[in-house]
Amino acid sequence: MIELPQVGMRLPRARRRGLVRNLRAGHYAPGRSRIVIDVTEPVVVEKSQIITDQSGRSVQLELVLVPFKSVSKRIRTALKRPSFGLGGPLTQPPVPRRARAQKDPGLSYKPLIVVDPGHGGKDSGARKFGVNEKDVVLSFSLTLRDRLLKTGRYRVKMTRDKDVFVPLGKRRSFAENNTAALFIAVHADYAGTNANGATIYSLRKRLANRLRQSAAADAAKTAMSGTVMKYVSAKRSDLKAVRGILGDLAQREVHANLERTNVFTKFAVAQMGATTTMRSQPHRTAAFKVLKTAKVPAVLIELAYVSNRRDAARLQSQRWRDKVSGSLVTAIDKYFSHSMSQIAQ
């Protein structure tokens, strides 16, 4: 396709060679025309020139097209250094090369997942049937981390990878400060009844909405760092307009995280349900402190009940951990392939 001021058109050699199947021209904009040349085989523009008559009122574009296969060695060499101006020896770039796969996958973007094994150190969590919650959730989290890293698609950070105590607020801020694409807290449940099965919690909706409003306001205020402000000022850009744009983007990010959490939870319930027992109404909401964030998508998974003898045996089984962590990896894959997970990121 060629776009240029309104001119006449002639192809002195191309038609004789049977290279041009069709030639279409039309008015494109005031004072401009669009010319489309359909060719029968790959061609090279051997010559191009704009001819103006003596009166200066009539302008004509002349193109000489030749088959690519018949181009001389000189022109083939020149194709490696194409000239895109109409007055140059060639106006068509060389045939595009095949796209090559990225050799180093480490250079491509990998979402960061923060895995948070509950309790630890002085806080043992629930205990029964010889099971300490802090130990079994750490074992499961390490298995999940290793399976995620093995895919090569994700980066993974853990709030703890050994038996240490981490305050709840630091667990949440760890995910926020690292701009996690997903935060997964891992726990085991306890009940005075014979309850069993896994549950996935997200933040209670009313609290989530309140947090979103507060976080969105903060995001708008802090969208521009001092470094960015200095750069914008140095470029004499409209500081207020740039701050408004960045603030709007930051607020969109905050508002999207609640929906992202819901999307991931649906995938997690479906996939875990194929590998372990789930509670009735497996997706529930709560006001757990680690979930009180609007800055990252966050869930808390209660894997099973330490107070249930069968669940307690599952929590200590490496085979069970492999199956359930594998189903979570599948859920994470599905989540990151879903368009909602990518909005405003």
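Above this note sits the structure.
Residues numbered from 1 in each chain as written. Predicted model: local features only at pLDDT ≥ 70, side-chain atom pairs only at ≥ 80, totals over all residues. Heavy atoms only, no water.

> How do you make sense of the overall build of the protein chain when you look at a structure like this?
The number of helices and strands found in the protein chain is eight helices and 14 strands. Within the protein chain, buried positions represent 40% of all 345 residues. Contacts in the protein chain between residues far apart in sequence, at least 24 positions, make up 73% of those at least 6 positions apart. (Helix = DSSP H or I, 4+ residues; strand = E, 2+ residues; numbered from the N terminus. Buried < 20%, exposed > 50% of the residue type's maximum accessible area, 1.4 Å probe, protein only. Contact = heavy atoms within 4.5 Å.)

> Where do I start with the side chain of Ser307 in this structure?
Along the chain, the position of Ser307 falls in the loop between strand S14 (298-305) and helix H7 (309-315). Separated by 2.9 Å, the side chain of Ser307 and the backbone nitrogen of Ala191 make a polar contact. Look past the residues within four positions of Ser307 in its chain and what remains in contact with it is Lys128, Phe129, Asp189, Tyr190, Ala191 and Thr193. (Polar contact = N/O pair within 3.5 Å; in protein donor to acceptor, adjacent residues only side chain to side chain.)

> Before we go on, may I ask you to explain helix H2 (residues 133-151) in this structure?
Every α-helix winds through 3.6 residues per turn, so residues three or four apart in the chain are directed the same way. For H2, with 19 residues, the first-to-last C-alpha span of 28 Å sits near the 27 Å given by 1.5 Å per residue. Taken as a whole, H2 has its buried residues at Glu133, Lys134, Val136, Val137, Leu138, Phe140, Ser141, Thr143, Leu144 and Leu148. Phi turns positive one or two residues past the end of H2, at Gly152, with a value near 75°. (Expected span 1.5 Å × (residues − 1).)

> Is there a simple way to explain the environment of Val269 in this structure?
Here Val269 shows up in helix H6 (residues 239-272). In sequence terms Val269 and Thr199 are 70 residues apart; their C-alpha atoms lie 8.3 Å from each other. Among all residues touching Val269, those that are not within four sequence positions of it are Ile200, Met278, Pro282 and His283.

> What's the story with the nonpolar core in this structure? I'm lost.
When a protein is soluble and globular, its nonpolar side chains tend to lie buried together. Core analysis: the biggest nonpolar cluster contains 40 residues, and Ile113, Ile184, Phe264 and Ile332 have the highest contact counts within it. When residues in this core are grouped by element, the largest group, eight residues, is from helix H8 (residues 318-337). Residues within four places of Ile113 in sequence aside, it is in contact with Leu148, Tyr154, Arg155, Val156, Lys157, Leu182, Ile184, Ile332 and Phe336. If you look at the next biggest cluster of nonpolar residues, it comprises 14 residues, including Leu112, Ala175, Tyr201 and Ala298. (Core = buried A, V, L, I, M, F, W, Y, C linked by side-chain atoms within 4.5 Å.)

> Looking at this model, I keep getting lost on the pattern of salt bridges. Mind explaining?
If charged atoms from side chains of opposite charge come close, those side chains can pair. One pass over the structure, following the stated rule, counts five salt bridges. When the shortest N-O distance is used, the salt bridge between Arg145 and Asp146 registers 3.1 Å. Judged by relative accessible area, which is 23%, Arg145 ranks as partly exposed. Judged by its relative accessible area of 40%, Asp146 is partly exposed. The salt bridge partner of Asp333 is Arg153, with a shortest N-O separation of 2.8 Å. With Asp333 in helix H8 and Arg153 in the loop between H2 and strand S10 (155-158), the pair connects residues that are 180 residues apart, well separated along the chain. On the accessibility criterion, Asp333 (23% relative accessible area) is partly exposed. What makes Arg153 partly exposed here is its relative accessible area of 40%. (Salt bridge = Lys/Arg side-chain N within 4 Å of Asp/Glu carboxyl O.)

> Would you mind going over unusual backbone geometry with me for this structure?
Although it is not a glycine, Phe129 sits at a positive phi angle of roughly 55°. Looking at where Phe129 falls in the secondary structure, it is placed in the loop between strand S8 (127-128) and strand S9 (131-132). With relative accessibility at 31%, the residue Phe129 sits in the partly exposed group. Unusually for a residue other than glycine, Thr179 sits at a positive phi of about 50°. With respect to the helices, strands and loops of the structure, Thr179 is situated in the loop between helix H3 (168-177) and strand S11 (182-189). The class for Thr179 is exposed, based on a relative accessible area of 63%.

> Honestly, the pairing of S14 in this entry has me stumped. Any pointers?
A regular strand carries its side chains on alternate faces of the sheet. Counting buried positions along S14 gives eight out of eight residues, so the element sits mostly inside the fold. Judged from the three bridges that link them, strand S12 (residues 198-203) and S14 form a sheet pairing that is antiparallel. Across the sheet, residue Ile200 finds its bridge partner in S14, namely Ile301. (Pairing = 2+ DSSP bridges.)

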